[in-house]
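Architecture and fold: a report
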Amino acid sequence: MDLKSNHASPVLADPPPLSKSRLGGVHTSLLPYSTPGAAFPGSLYLTIPRKKNVLDDVRSSSWLDAMKASSPPHRKITKDVNNESSRSSSWLDAMKASSPPHRKITKDVNNESGATDADISYHTWMVKYPSALTSFEQISNYAKGKRIALFLDYDGTLSPIVDNPDCAFMSDAMRAAVKKVAKHFPTAIISGRSHDKVYEFVKLNELYYAGSHGMDIMAPVIQTINDDQRNCFKSTDKKGKAVNLFQPAAEFLPMIREVFKLLVESTKDIEGAIVEDNKFCVSVHYRNVDEKSWPAVLQCVHEILKDYPRLHLTHGRKVLEVRPTINWDKGRAVTFLLESLGLSNCEDVLPIYIGDDRTDEDAFKVLREGNQGYGILVSAEPKDSNAFYSLRDPSEVMEFLKSLVIWRKSSAL
Ligand SMILES: O=P(O)(O)OC[C@H]1O[C@H](O[C@H]2O[C@H](CO)[C@@H](O)[C@H](O)[C@H]2O)[C@H](O)[C@@H](O)[C@@H]1O
């Protein structure tokens, strides 16, 4: 692994240009569905028309504001007071839109099957993102003769979304399924949580873990670290085995510590607000906050971030996430792990990434753009995504993992 050329100092660096071979177009056998007559020339496939949703508008206006106001052009909270109110309202809209209300039962009187509008739109959406369970044969056919590398998000993927982030336990059945799948395929958890916290939930030594949205990776020692490989150092895992620790945002640690304390202090009077320490990131949860107080939560975060231009804000499922502005995300973590595992640039490797949240899109995108493997979005609501397939909820994720094991065992006979 050449850490120097690929990974040294991701701080404030621009993404490396994709090589021509990686932009060579999506291999049709990777596509779960085909559009009659559609061609995917190399220069076009990155612009597959996307359905627009509310979040796209909100996101792009927020990002655009931030990009215009800042240099280098990374997402960033700026001190431009003129943009402040419009940005806040964009963020508030995004906070609302990122938390879709429970499905309304709106029976169409002309619809004798009893399907609700939500059911119909979900099934329409699934034409574009077919179920990875019903498409299992197609996936396994493509995987024949290949080595699968599995990447799993945690919250909302292996554990159901719950009100208290400290109680997002995975079931024993899910743990058993993950343990079994990891016996057959190299498996990594890539989470927004801190490395230690996600390990505490999963408690499986046979996995690789990347915490803080991939900014805290414990990788196997396949390549030795050279002196000049920044942010990568030797350590030991829970079992005392030698590992390489890669922490591309290491220099941000004191800043994040400071911001965490400030956020705890400033939100302490907002009922239901929870500030979570994710080591290289801070999560500000508003799931349990009365909607009337969401602007107050946002105000606290914006006020603090004004003084930290090297940090930026993203949002997930009823959570605002403060992150270092570095060119590193779950997608780059996947690439890093594949390299660490000696599985990058191998024709016979099929990475599969399963995740439910916005930050997982970075990983889906890397797989799609690199024509490398499959992203599987976990969602019970139609959502625009870079994934190829979908699963409805963690219970379907578990079924999928079990199916992989059964398939691998039967194909080994
Ligand atoms: O990348 P992930 O592993 O999916 O982590 C993303 C965030 O997940 C957690 O928050 C989410 O799950 C909580 C428990 O179900 C839920 O209460 C919260 O509303 C969700 O946003 C975690 O607590 C965050 O720190 C992660 O950033």
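Residues numbered from 1 in each chain as written. Predicted model: local features only at pLDDT ≥ 70, side-chain atom pairs only at ≥ 80, totals over all residues. Heavy atoms only, no water.

Remarks on the side chain of Ser283
Convention followed: Only DSSP runs of H or I covering at least 4 residues are called helices, and only runs of E covering at least 2 are called strands; the numbering of each starts at the N terminus. For each residue, the accessible area found with a 1.4 Å probe, counting protein chains only, is set against the maximum for its type, and the residue is called buried under 20%, exposed over 50%, and partly exposed in between. Polar contact criterion, stated in full: a pair of N or O atoms within 3.5 Å, where within protein one must be able to donate a hydrogen and the other to accept it, and residues adjacent in sequence count only if both atoms are side-chain atoms. Pairs of residues are marked as contacts when any of their non-hydrogen atoms sit within 4.5 Å.
By the secondary structure assignment, Ser283 is in strand β8 (residues 282–285). On the accessibility criterion, Ser283 (3% relative accessible area) is buried. A polar contact of 3.0 Å, which involves the side chain of Ser283, links it to the side chain of Asn278. Excluding residues that lie within four positions of it along the chain, Ser283 makes contacts with Ile274, Val275, Glu276, Asn278, Val319, Leu320 and Glu321.

Thoughts on the pattern of salt bridges
To be explicit about the condition: Every case where a carboxyl oxygen of Asp or Glu lies within 4 Å of a side-chain nitrogen of Lys or Arg is listed as a salt bridge.
All told, the structure shown has 15 salt bridges when counted by the stated rule. Taking the shortest distance from any N to any O, the salt bridge between Lys197 and Asp166 comes out at 3.9 Å. Here Lys197, found in helix α7 (residues 195–202), pairs with Asp166, found in the loop between β1 (147–152) and α6 (172–184); they are 31 residues apart in sequence, far enough to count as distant. Exposure remark for Lys197: the relative accessible area of 22% places this residue in the partly exposed category. One salt bridge in this structure joins Glu369 and Lys365, with 3.7 Å as the shortest N-O distance. Of this pair, Glu369 and Lys365 both sit in helix α11 (residues 360–369), four residues apart, which is roughly one turn of that helix. A relative accessible area of 38% means that Lys365 is categorised as partly exposed.

Notes on the side chain of His315
Secondary-structure assignment places His315 in strand β9 (residues 311–316). Among the polar contacts made by the side chain of His315, one reaches the side chain of Arg358 at a distance of 3.2 Å.

What about the packing of aromatic side chains?
Under the convention used in this document: Note on aromatic contacts: the rings of Phe and Tyr and the six-membered ring of Trp form a pair at centre separations within 6.5 Å, being stacked when their planes are under 30 degrees apart, edge-to-face when over 60 apart, and tilted otherwise. Only Lys NZ and Arg CZ are tested; either one counts as a charge over a ring when it is within 6 Å of the ring centre and within 35 degrees of the ring normal.
Under the counting rule described, the total for this entry stands at 14 aromatic pairs. Both rings, one in Tyr154 and one in Phe201, keep their centres 5.3 Å apart while their planes meet at 15°; by these two values the pair is stacked. Linking Tyr154 in the loop between β1 and α6 with Phe201 in helix α7, this pair joins segments that are 47 residues apart in sequence. The exposure class of Tyr154 is buried, given its relative accessible area of 0%. Residue Phe201 is classed as buried on the basis of its relative accessible area of 8%. Geometrically, the ring pair formed by Tyr286 and Trp294 is edge-to-face, given 4.8 Å between the ring centres and 70° between the ring planes. Side by side, Tyr286 and Trp294 carry an identical accessibility label, which is buried. Grouped by ring-pair contacts, the aromatic residues Tyr142, Tyr374, Phe388 and Tyr389 constitute a single cluster. Directly above the aromatic system of Tyr142 lies the positively charged group of Lys146, at a separation of 4.1 Å from the ring centroid. Cation over ring: Arg368 sits above Phe388, and NZ or CZ is 4.3 Å from the ring centre.

Quick notes on the environment of Leu133
Relative to the helices and strands, Leu133 is located in the loop between α4 (117–128) and α5 (136–143). Taking the C-alpha atoms as reference, Leu133 lies 30 Å from His195; in sequence the two are 62 residues apart. Aside from chain neighbours lying at most four places away, what touches Leu133 is Leu391, Glu396, Glu399, Phe400 and Ser403.

A few points about the environment of Glu251
Here Glu251 shows up in the loop between β6 (242–246) and α8 (253–266). Note on Glu251: relative accessible area 44%, which makes it partly exposed. In this structure the C-alpha to C-alpha distance between Glu251 and Leu338, which are 87 residues apart in sequence, comes to 24 Å. Separated by 3.2 Å, the side chains of Glu251 and Arg310 make a polar contact.

A word on the domain arrangement of the protein chain
Let me state the cut-off plainly: The split of the chain into domains comes from an automatic or database domain assignment. As a working definition, buried area equals the accessible area (1.4 Å probe) given up by two parts on being put together, with both sides summed. When residue character is reported, Ala, Val, Leu, Ile, Met, Phe, Trp, Tyr, Cys and Pro are called nonpolar, Asp, Glu, Lys and Arg charged, and the others, Gly included, polar.
For the protein chain, the domain assignment lists domain 1 (117–248 + 328–411) and domain 2 (252–324). On a C-alpha basis, the centres of domain 1 and domain 2 stand 26 Å from each other. Tallying the contact residues gives 20 residues for domain 1 and 16 residues for domain 2. For the pair domain 1 and domain 2, the summed buried area comes to about 1600 Å², and 50% of that belongs to carbon and sulfur atoms. Our count for the contact surface shared by domain 1 and domain 2 stands at three salt bridges. Across the contact surface, domain 1 and domain 2 share 10 residue pairs in polar contact (both at pLDDT 80 or more). Considering only residue class, the side of domain 1 that touches domain 2 consists of five nonpolar, seven polar and eight charged.

Observations regarding a positive patch on the surface
Our working rule: To count toward a patch, a residue needs a relative accessible area above 30% and no salt bridge. Like charges then connect within 9 Å, nonpolar side chains (Val, Leu, Ile, Met, Phe, Trp, Tyr) within 5 Å. Areas reported here follow the Shrake-Rupley algorithm with a probe of radius 1.4 Å; residue values treat only the protein chains shown as occluding. Counted as positive: Lys and Arg. Counted as negative: Asp and Glu, with His and the chain ends omitted from the count. In this description, the location of a charge corresponds to atom NZ of lysine, CZ of arginine, CG of aspartate or CD of glutamate.
Taken together, Lys180, Lys183, Lys402 and Lys409 make up a surface patch of like positive charges. Going through the elements one at a time, α6 and α12 (394–412) are the ones with two or more residues in the positive patch. Residue position: Lys402 is located in helix α12.

Let's talk about the site of the ligand
Inclusion rule: Near residues are defined by distance, with any heavy atom within 4 Å of the molecule or strand qualifying the residue.
Close to the ligand lie 21 residues, the nearest being Val162, Glu276, Arg287, Arg317 and Glu321. Here an oxygen atom of the ligand sits 2.8 Å away from a polar atom, N or O, in the side chain of Ser283. For the ligand, the protein covers 99% of the area, taking 570 Å² as the surface of the free molecule. For the shell around the ligand, the elements supplying multiple residues, two or more each, are β8 and β10 (319–324). Across the shell around the ligand, the residue classes break down as seven nonpolar, five polar and nine charged.

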